[in-house]
Amino acid sequence: MLRALVLAALLTAPAFAQSDPALAPTADRFRADLTTVTAVLATAALVHDASGTFPSTPYALLGSAEAGRTGLRAASLSEISMSRDGDGVAVRYVPLPIAPYTRDDEVVTLDITRDDDGTYSGAYRITRRADPDDGGRTLPYDTAGRYRVDLASGTACVDVATVREQLATGTYTNTPGTLGPQPLTVRVVPLGGDTPVYYQEGSR
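For every chain, the first residue of the written sequence is number 1, and numbering continues from 1 onward in sequence order. Local features in this predicted model are restricted to residues of pLDDT 70 or higher, and side-chain atom pairs are both shown and tallied only at a pLDDT of 80 or more, whereas totals for entire chains, interfaces and linings draw on every residue. Side-chain numbers come from the whole structure's heavy atoms, not from hydrogens or water.

Draft legend 1. Geometry of the pattern of salt bridges. Any Lys or Arg side-chain nitrogen found within 4 Å of a carboxyl oxygen on Asp or Glu counts as a salt bridge. Applying the stated criterion across every chain, the model contains seven salt bridges. With a closest N to O distance of 3.4 Å, D142 and R29 form a salt bridge. On the criterion of sequence distance, the pair formed by D142 in strand 7 (residues 142-144) and R29 in helix 1 (residues 24-51) is long-range, its members being 113 residues apart. Owing to a relative accessible area of 16%, D142 belongs among the buried residues under this scheme. D105 serves as the salt-bridge partner of R129, at 3.7 Å between the closest nitrogen and oxygen. Here R129 is found in strand 5 (residues 120-130), whereas its partner D105 is found in strand 4 (residues 104-114), with 24 residues between them in sequence. Exposure class is identical for R129 and D105. Each is buried. Here the salt bridges share partners, and the residues they tie into one network are E79, R92, D105 and R129. Strands are runs of DSSP state E lasting at least two residues, helices are runs of H or I lasting at least four, and both sets are numbered from the N terminus onward. Residue burial is assigned from relative accessible area. The probe radius is 1.4 Å, only protein chains are included, and a residue is buried under 20% of its type maximum, exposed over 50%, and partly exposed in between.

Draft legend 2. Layout of the pairing of strand 5. With respect to burial, strand 5 is a largely interior element, eight of its eleven residues being buried. Inspection of the sheet shows strand 4 paired to strand 5 by eleven bridges, in the antiparallel sense. Opposite V108, over in strand 5, you have I126 as the bridge partner. Taking the residues that link successive antiparallel strands as the turn, the strand 4-strand 5 hairpin has five residues, and the phi of G118 there is positive, at about 95°. One ladder, built from seven bridges, connects strand 5 with strand 8 (residues 147-158); its direction is antiparallel. Counterpart to Y124 in the pairing with strand 8 is G154. The pairing of strand 5 with strand 6 (residues 138-139) spans two bridges and is classified as antiparallel. Residue R128 lies in a different strand from strand 6, and its bridge partner there is L139. One bridge is not enough; two strands pair if DSSP finds at least two bridges between them.

No statement about biological role is implied by the geometric values presented.
Right, here's the structure in full:
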């Protein structure tokens, strides 16, 4: 019997859990997906920091000089749309499938804002949907052994000063958890529960 779970990346989480190795590949997939999330967030943050306004169209984001510096322009996306959201910007994109002839898509939504301390946050959700020809229904994010992970979500954080320093020294990457004040924390919890069955904290 499959156990329904939710996968989350948070900046704070309890540093204890019962680890389940079956979920390690799911966490690795999650981290890979967050590489593009981090690139989008870092690029939007750099644009805002330089101009005082967030990019509000795909061209303004992907066509910016900052997108070339962060590597976002080279990201493989099949769809991207953007809209103003209060003082921030909402981004929705669909990465190209890694495997050919895939009959589903990952759909990523990212709400980006500037925090009071000057850092930038991006609240994201990653879901899967079936091919529209198959009804476009929502699918589990991943399955691992006896687990079904329905949703991947969390909040990414970027410190522009850290991004600029890494760009200047040639050490910049879009590795999740390396551009903000806290390392990435990954945990998987039962839907409706609060005790992780898998927990891993990323290194700075």
